[in-house]
Each structure stands twice: as structure tokens, then as C-alpha cells.
Amino acid sequence: MNEKKQNMQIEFIDVDKYYGSFHALKGINIAIPKGQFVALVGPSGCGKSTLLRSLAGLEDISSGTINVGGSRVNDMPPRKRDLAMVFQSYALYPHMNVRDNLTYALRLKKVSKEERARKADEVAAIIGLEDLLDRKPKELSGGQRQRVAMGRAIIREPQAFLFDEPLSNLDASLRVRMRKEIRALHERIGSTSVYVTHDQVEAMTMADHVVVMRAGVIEQQGPPLDLYEHPANCFVAGFIGSPAMNFVPGTIDAGGQSVTLQLDGSPKIAIAHKLEPGRSVLAGLRPEHLGLVDVNTKGSVPITLSAVEATGSVTFLFAKGSPEMVVVADGNLKANPGDVLGVKIAPENVHLFDPETELSIVNS
Ligand code: ATP
């Protein structure tokens, strides 16, 4: 075994999973080094929970291999896999106080009372619940319950933590706080974490490695900014980033070194690699990369606004046309539906996709 392989804490190798005739996971390959935070992200039904549950041992896979800590665990029961799962329903015991909830697994393992008390204090300090050890779950806030659930996982010192949408019950501001807390905790205890979410912002902000799934397939995986900057296809390009990327049809010009978009008044936009003249493309333009300029500016594209949404910090401008384009503008901008503005498209911010295969042509 080479060194890289030995350092892999979790590996999915050619994993397939069928529910009857339904093919839920298709050829999944992921290698997770020790200490990495991996997010599995994708729309509802893409198979992310099935993949996590297969790792936990709660689902059998149909073929392929799952390794944990260098051992094949396909046929190993969940409790022997040494993985701790944190769910969105905290599954705390309501009649037990925080201390007993934290140490329940240790009690089952016949760990001594003194050792349990020591561990409970240690973990309570890590998760910041030292003053709440005698409270029952109903006397805690949602965020505090979530922390107890994590503490209960930490106390077992597992090989990895598996999170299944742990924050989806929480309100927006608590979610933001908890995602920072989970990430900080991950770093503090040097754990390996696999985190399932449908929220791309959560995946991008928390993970070192993001796995984007659709219909049982991994569409792309890599560091968050790689996926944002170099999406492999239209699905990933549209899924990562908010608001979603605009897709505008275009044609490669004679000479093959620029593209003209199907936008009224579109200038020729230089492209990085020479392409076949006359070739149809889909240009991906991120709303935050479209710069507003005076409508008379040479080389700008005129847009007519159909709607304006001010959020305070930024304003979303919707441009008439088919497809409708979204532009992210400064929150101070005063604009109204019907206004005509100029948009500047920087060549380095244009992603080109094949309209048939939807694959990236030039990873710009
Ligand atoms: P969500 O975000 O909605 O939880 P998900 O990406 O986690 O979605 P999974 O729960 O992994 O999706 O389900 C993947 C696919 O497998 C779905 O189409 C689902 O209907 C199907 N599926 C899941 N469990 C079963 C089952 N026990 N029997 C049959 N089909 C199943």
C-alpha cells in the first residue's frame, strides 16, 4: 500500500446501491484522508443520505467496497465501525440530564463512574456546556441540544463523525453560528467528518472537500473554491453559488477566439482557447461577476430591468429576456423595473459549456 492510501481514513470504492430495481448510488469513489471535513451535497433524492447511511452500516451496499481506518467494513455491523452519527433530531434521552446523556454510551461499555465523570467534564468543556450538566434536554435551547448531541458523539472518540443534516431544525441565525461551531470543533479535536446537507452554502463554508451529487452520481468533487471557479458541468455550475449562475446561449465567432452571446447588443467576448467557428455554446455568467456600467459604455450589454429585489447589503436585478438574467449589484443602488442599465462581462468570468453534453468546454 502506498503512503497516501494508508492515510485514507474512509474510502468508497466503486460503490453501487440498489433499492429493488432502483439504482440509488452509481459508481461512488471518494477517498477521505484523516482529519478532513467532507460535505456530501445535492438536491433532495440525490442519494447523499443513502451514502452516509451505507458508511454508518445502516444500509447494505450492493457492490463495491467501503473502508474505514484501512479495514473493509462492508459486512461489519454499525456498532463495530467506530463511527459516531449526529442527526438533526438530536435523539437525546428526555429523562436524563446532560451529564447522563453524554456518558450513556460509556455506561453501556462499563466504564467506571469516576472515568465517566472525568470524560463528561472534559467534553462539556470542549462543547461549552460546563454549567448545564445537570439540566434535562427540555431545559435547553435548540443550539444547546445540538451541542449535547455532538458531545455524545465526541465522548466516544470515534474514527469519524457522520452528520446527517444536523442543522436543518434550527433558525437561520443559529444555523450560521452552529456551522462555525461544528467546524471549530472539528479542528479542535482533529476529527474526520462527513457531513450531509442540501445547502450548498453550508457545504462551501464548512468543508475542505465538497462532493456534489445528482441522481446517485458524483457530478464533481474537490475543494469548495475549485468547484466554484472550475465547475465541470452546468449542473455543478448552477448548484454552487447563490444566486445561481446565468446560462446564455452563444456562438463562437469566425476566427474561433471570441464568442457572441444571444443578448441584444452583445459585444464579442474573447475566449481563452481557440474553438471551432460557428460552434454553439452555453455561456455561464455568475450574477456577482456582472459589473454595472453606464449604458453608453463601449463593449457593455444593455439590460432592461423586470424586477429589483433589495436585501440591504446587495440588490438583485432581474433583466428582461429569455433566459432572464440575474445581476448582483451594490445594496446602495437605486433602480426600478423598466430602467435600462449597462452590464460589463469580463472575459475571464465567462464559463463555456457544450449545450448538448452540458460539460465544461473551457474551465475558465
Ligand atoms: P433528501 O435530501 O431528500 O434526504 P437524499 O439525497 O438524502 O435526499 P436519499 O434519502 O439518499 O436522498 O435517497 C436517494 C434515493 O433513494 C431517493 O430517490 C429515494 O426515494 C430512494 N430511497 C431511499 N431509501 C429507499 C428505500 N428504503 N427504498 C427504496 N428507495 C429508497
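Here the structure is a predicted model, which is why all the values come from computation and not from measurement. (Residues numbered from 1 in each chain as written. Predicted model: local features only at pLDDT ≥ 70, side-chain atom pairs only at ≥ 80, totals over all residues. Heavy atoms only, no water.)

A word on the domain arrangement of the protein chain
Stage number 1. Domain assignment breaks the protein chain into domain 1 (3-238) and domain 2 (243-362).
Stage number 2. Between the C-alpha centres of domain 1 and domain 2 the distance comes to 38 Å.
Stage number 3. Opposite the nine residues of domain 1 that make contact, domain 2 presents twelve residues.
Stage number 4. Interface of domain 1 and domain 2: buried area, both sides summed, is about 850 Å²; carbon and sulfur atoms make up 56% of it.
Stage number 5. Among the residues domain 1 hides against domain 2, the three largest losses belong to Tyr228, Cys234 and Ala237. Together they make up 59% of the total. (Domains from an automatic or database assignment. Contact = heavy atoms within 4.5 Å. Buried area = accessible area lost by both parts, 1.4 Å probe.)

Regarding the pairing of strand S6 (residues 83-87)
Stage number 1. Within S6, four of the five residues are buried, leaving the element largely enclosed by the surrounding structure.
Stage number 2. Examined bridge by bridge, S6 and strand S7 (residues 160-164) share five bridges and lie parallel to one another. Bridge assignment links Ala84 to a residue of S7, and that residue is Phe161. (Buried < 20%, exposed > 50% of the residue type's maximum accessible area, 1.4 Å probe, protein only. Helix = DSSP H or I, 4+ residues; strand = E, 2+ residues; numbered from the N terminus. Pairing = 2+ DSSP bridges.)

Observations concerning the site of the ligand
Stage number 1. Taken together, the residues surrounding the ligand are Tyr19, Phe22, Ala24, Pro43, Ser44, Gly45, Cys46, Gly47, Lys48, Ser49 and Thr50.
Stage number 2. One of the backbone nitrogen or oxygen atoms of Gly45 is found 2.8 Å away from an oxygen atom of the ligand.
Stage number 3. Relative to its free-state accessible area of 630 Å², the ligand is covered by the protein chains to the extent of 57%.
Stage number 4. Looking at the shell around the ligand, the elements that each hand over two or more residues are strand S2 (22-33) and helix H2 (48-56).
Stage number 5. Examining the composition of the shell around the ligand, we find that three residues originate from one element, H2, more than from any other.
Stage number 6. In the shell around the ligand, the residues fall into five nonpolar, five polar and one charged. (Near = heavy atom within 4 Å. Polar contact = N/O pair within 3.5 Å; in protein donor to acceptor, adjacent residues only side chain to side chain. Areas by Shrake-Rupley, 256 points an atom, 1.4 Å probe, with all protein chains shown as cover. Nonpolar A, V, L, I, M, F, W, Y, C, P; charged D, E, K, R; others polar.)

Quick look at the sheet that holds strand S17 (residues 314-319)
Stage number 1. If you trace the five strands from one edge of the open sheet to the other, you get S15-S19-S16-S17-S18, paired in antiparallel fashion. Whereas interior strands pair on both sides, the edge strands pair on one side only; in this sheet they are strand S15 (290-293) and strand S18 (325-330). Put simply, the sheet's adjacent strands are angled 50° from each other on average, direction ignored.
Stage number 2. Here S17 runs beside S18; their pairing, made up of six bridges, is antiparallel. Paired with Phe318 across the two strands is Val326, which belongs to S18. (Axes fitted to C-alpha atoms, helices over the stretch in contact; angles between N-to-C directions.)

Some words on the state of the cysteines
Stage number 1. The full count for this structure, using the stated rule, is zero disulfides.
Stage number 2. Cys234 provides the cysteine sulfur closest to Cys46, a residue in no disulfide bond, and the two sulfurs are 18 Å apart.
Stage number 3. The exposure class assigned to Cys46 is buried, which follows from its relative accessible area of 1%.
Stage number 4. Overall, Cys234 belongs to the buried group, its relative accessible area being 8%. (Disulfide = S-S within 2.5 Å.)

Comments concerning the nonpolar core
Stage number 1. Ranked by size, the top nonpolar core spans 43 residues in total, and within it Leu102, Ile182, Val212 and Ile240 carry the most contacts.
Stage number 2. Apart from the residues lying within four places of it in its own chain, the contact partners of Ile240 are Gln200, Met204, Val212, Leu227, Tyr228 and Arg286.
Stage number 3. Core analysis: the next-biggest nonpolar cluster, separate from the first, contains 27 residues, Leu40, Val194, Val196 and Ile218 among them. (Core = buried A, V, L, I, M, F, W, Y, C linked by side-chain atoms within 4.5 Å.)

Observations regarding the pattern of salt bridges
Stage number 1. Applying the stated criterion across every chain, the model contains 16 salt bridges.
Stage number 2. For the salt bridge of Arg99 with Asp134, the shortest nitrogen-to-oxygen distance reads 2.9 Å. In this pair, Arg99 is assigned in helix H3 (residues 98-108) and Asp134 in the loop between helix H4 (113-127) and helix H5 (142-154), connecting sequence segments 35 residues apart.
Stage number 3. Given the relative accessible area of 59%, Asp134 is considered exposed.
Stage number 4. A salt bridge links Arg118 to Glu115; the nearest nitrogen and oxygen atoms lie 3.0 Å apart. Taken together, the residues span about one helical turn, with Arg118 and Glu115 both in helix H4 at a distance of three residues. (Salt bridge = Lys/Arg side-chain N within 4 Å of Asp/Glu carboxyl O.)

Notes on the packing of H3 against H5
To describe two helices that pack against each other, one gives the angle between their axes and the distance between the axes.
Stage number 1. Where H3 meets H5, the closest approach of the two axes is 7 Å, and the angle between their N-to-C directions is 30°. Classed by the angle they form, the pair H3 and H5 counts as roughly parallel. In the packing of H3 onto H5, the handedness of the crossing is right-handed. Across the interface between the two elements, Val98, Asn101 and Leu102 of H3 pack against Val148, Gly151 and Arg152 of H5.
Stage number 2. Classifying every residue of the contact of H3 with H5 gives three nonpolar, two polar and one charged. (Parallel < 35°, antiparallel > 145°, perpendicular 65-115°, else oblique. Left-handed = near helix turned anticlockwise from the far one by under 90°.)

What to know about unusual backbone geometry
Stage number 1. Following Ser242, the chain continues into Pro243 via a peptide bond in cis, with omega recorded as -5°.
Stage number 2. Looking at the element boundaries, Pro243 is found in the loop between helix H9 (234-239) and strand S11 (246-252).
Stage number 3. The phi dihedral of Asp14 falls on the positive side, at around 45°, and the residue is not glycine.
Stage number 4. On the basis of relative accessible area, Asp14 is assigned to the partly exposed category, the value being 46%.
Stage number 5. Positive phi values are uncommon outside glycine, yet Glu358 reaches one of about 65°.
Stage number 6. Mapped onto the secondary structure, Glu358 falls in the loop between strand S20 (350-353) and strand S21 (360-362).

Observations regarding the sheet that holds strand S4 (residues 63-68)
Stage number 1. Taken in spatial order, the four strands make up an open sheet running S2-S1-S4-S5, and their pairing is antiparallel. Sheet topology places S2 and strand S5 (71-72) at the edges, where each strand pairs with a single neighbour.
Stage number 2. Here S4 runs beside S5; their pairing, made up of two bridges, is antiparallel. Residue pairing for S5: Val68 is matched across the bridge by Ser71.

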